[in-house]
Amino acid sequence: MTVHTASRGRVLWVDDEIDLLRSHILLLSEKGYQVETATNGEDAIEMVRRQPFDLVFLDEMMAGMGGLRTLSEIKDIRPELPVVMITKNEDEGLMEDAIGVKISDYLTKPVNPSQVLLACKKFLESKRITSAQVSRDYIREFNEISMILQSSPGYGEWIDVHNRLTDWGLEMDLHPDLGLKQTLTDQIRECNVEFSKYVEKNYRHWLEQAKRPPLSIDVVDRFLIPRLQEGKSVFFFVIDCLRLDQWLEMETLLREYYDIARDYHFSILPTATPYSRNSIFSGTFPDEIEVRFPEVWAEWEDDDNSRNRYEHRFID
């Protein structure tokens, strides 16, 4: 039997008692899915071989070729094709066997219409549904960030904006077809301009006041030394030219092994590595380095390559 409709996806339902499932098949048809049926494993395998299905519902207990063997054969032909096993058997061993041959999901009989429809949405429409939600969420976020820019944000709010924009950059990479990447790029550019104005306006005050964002010179004193004073072993890594989005990708791999907390600091000016990096290690501004370590500064004047050779001395 074939139900022809404007298709939201092509479904193959395999069950040796398929007539008992007519109401489910009619529901899927009314919802816009194209459903074809088979009453045994052999026919199902041949249909998968000949036609491009998007999802298979497969009965576990069938006369002749059983569900697990049919599943294995289908996966040999179309490894990427999602298969939902339908079973009366709730035995844990059976489920482990099914998972072992790459079942996508399973439903326990008697299945109800909402379970069947949810499975179709999960495997056939999740990308569309997720993309629509992402679009709505970003438009709301775009407006919120625009309002923040108009409200003279402080340094804590700038850190939040940077985090939000970075998260959205990663999200857009997962949904390249939304057409919002350029909108995000334009907003990041606008934020960069406004942030530059913010730093230009406030940097001199930060040099003179205790109430300021953590700067490069504060990193060791504020974040490293307290941990050393607790008697803990500490590994201190300083990585040049690593963007926040790159770190977040690394963080997803590290979270399996570590509890991670993030803090932030603002670079001193100039932000160039020889200045900001050495200020991290020394806890001093470049002009103070020149006074305290005149011989090092003299070498810097002659050789750019020597500017990161004295980090151990600075941190000592």
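In this text the structure is predicted, and so the values were computed from the model without any measurement.

Enquirer: Describe the overall build of the protein chain, with residues and values.
Expert: A count of helical and extended segments in the protein chain gives 13 helices and six strands. Taking 20 Å as the expected radius of gyration for a compact globule of 316 residues, we find that the protein chain reaches 30 Å, considerably beyond that expectation. For the C-alpha atoms alone, the extent of the protein chain along its principal axes is close to 90 × 45 × 35 Å. By residue count, 40% of the 316 residues in the protein chain fall in the buried class. A separation threshold of at least 6 residues defines the contact pool for the protein chain, and within that pool the share at least 24 residues apart is 63%. Element-wise, carbon and sulfur atoms account for 52% of the exposed surface of the protein chain, whose accessible area totals about 18900 Å².

Enquirer: Can you lay out the confidence of the model for the protein chain for me, pointing to particular residues and giving the numbers?
Expert: Across the protein chain, the average pLDDT comes to 87, with 91% of residues at 70 or higher. Taken together, the stretch residues 1-6 has pLDDT below 50 and engages in 17 contacts with residues farther than four places along the chain or on a different chain.

Enquirer: A description of the pattern of salt bridges should follow, citing residues and the corresponding values.
Expert: Between side chains of opposite charge, pairing is possible as soon as their charged atoms come close. Under the criterion given, the structure shown has 23 salt bridges. Across the pair E46 and R50 runs a salt bridge, and its minimum N-O distance is 3.7 Å. With E46 and R50 both in helix α2 (residues 41-50), this residue pair falls four residues apart, about one helical turn. You can call R50 exposed: its relative accessible area is 54%. One continuous salt-bridge network, built from bridges that share partners, spans E141, E144, D160 and R164.

Enquirer: Summarise a nonpolar patch on the surface; cite the residues concerned and give the values.
Expert: Taken together, the side chains of F235, F237, I239, L242 and M250 define a hydrophobic patch exposed on the protein surface, amounting to about 580 Å² of accessible area. By the element assignment, F235 lies in the loop between α8 (219-229) and α9 (244-254).

Enquirer: Which residues make up the packing of aromatic side chains, and what values do they have?
Expert: Here the distance between the centres and the angle between the planes together describe a pair of aromatic rings. Counted under the stated rule, the structure contains 14 aromatic pairs. Consider the rings of F236 and F281, whose centres lie 6.1 Å apart with planes at 70 degrees: the pair is edge-to-face. With F236 in the loop between α8 and α9 and F281 in helix α10 (residues 273-282), this residue pair connects regions lying 45 residues apart in the sequence. On the basis of relative accessibility, which here comes to 32%, the residue F236 falls in the partly exposed class. A relative accessible area of 12% means that F281 is categorised as buried. Through a chain of ring-to-ring contacts, the aromatic side chains of Y155, W158, F195, Y198, Y203, W206 and F266 assemble into a single cluster. Positioned above the aromatic ring of F53 is the side chain of R10, whose terminal nitrogen or guanidinium carbon lies 4.8 Å from the ring centre.

Enquirer: Break down the side chain of S146 for me, with residues and values.
Expert: Secondary-structure assignment places S146 in helix α5 (residues 113-149). Among the polar contacts listed, one links the side chain of S146 to the backbone oxygen of F142, at a separation of 2.9 Å.

Enquirer: Can you tell me about the pairing of strand β5 (residues 83-87), naming the residues and giving the values?
Expert: Of all the five residues making up β5, five are buried; the element is thus mostly covered by neighbouring parts of the structure. Burial along β5 is two-sided: the residues V83, M85 and T87 and V84 and I86 are all buried. Looking at chain direction, strand β4 (residues 55-59) and β5 are connected through four bridges and run parallel. Pairing of V56 across the sheet is with V83, part of β5. Each parallel crossover has a hand, and for β4 linked through helix α3 (residues 67-77) to β5 it is right-handed. Where β5 lies against strand β6 (residues 105-108), four bridges are found, and the strand directions are parallel. Considered in β6, the bridge of V84 is made with D105.

Rules and cut-offs
- Residues numbered from 1 in each chain as written.
- Predicted model: local features only at pLDDT ≥ 70, side-chain atom pairs only at ≥ 80, totals over all residues.
- Heavy atoms only, no water.
- Helix = DSSP H or I, 4+ residues; strand = E, 2+ residues; numbered from the N terminus.
- Rg over C-alpha atoms; globule rule 2.2 N^0.38 Å.
- Buried < 20%, exposed > 50% of the residue type's maximum accessible area, 1.4 Å probe, protein only.
- Contact = heavy atoms within 4.5 Å.
- Areas by Shrake-Rupley, 256 points an atom, 1.4 Å probe, with all protein chains shown as cover.
- pLDDT = per-residue confidence, 0-100.
- Salt bridge = Lys/Arg side-chain N within 4 Å of Asp/Glu carboxyl O.
- Patch = residues over 30% accessible without salt bridge, like charges linked within 9 Å, V, L, I, M, F, W, Y side chains within 5 Å.
- Phe/Tyr/Trp six-rings, centres within 6.5 Å; stacked < 30°, edge-to-face > 60°.
- Lys NZ or Arg CZ within 6 Å of the ring centre and 35° of its normal.
- Polar contact = N/O pair within 3.5 Å; in protein donor to acceptor, adjacent residues only side chain to side chain.
- Pairing = 2+ DSSP bridges.
- Right-handed = clockwise from strand over helix to strand, strands pointing away.

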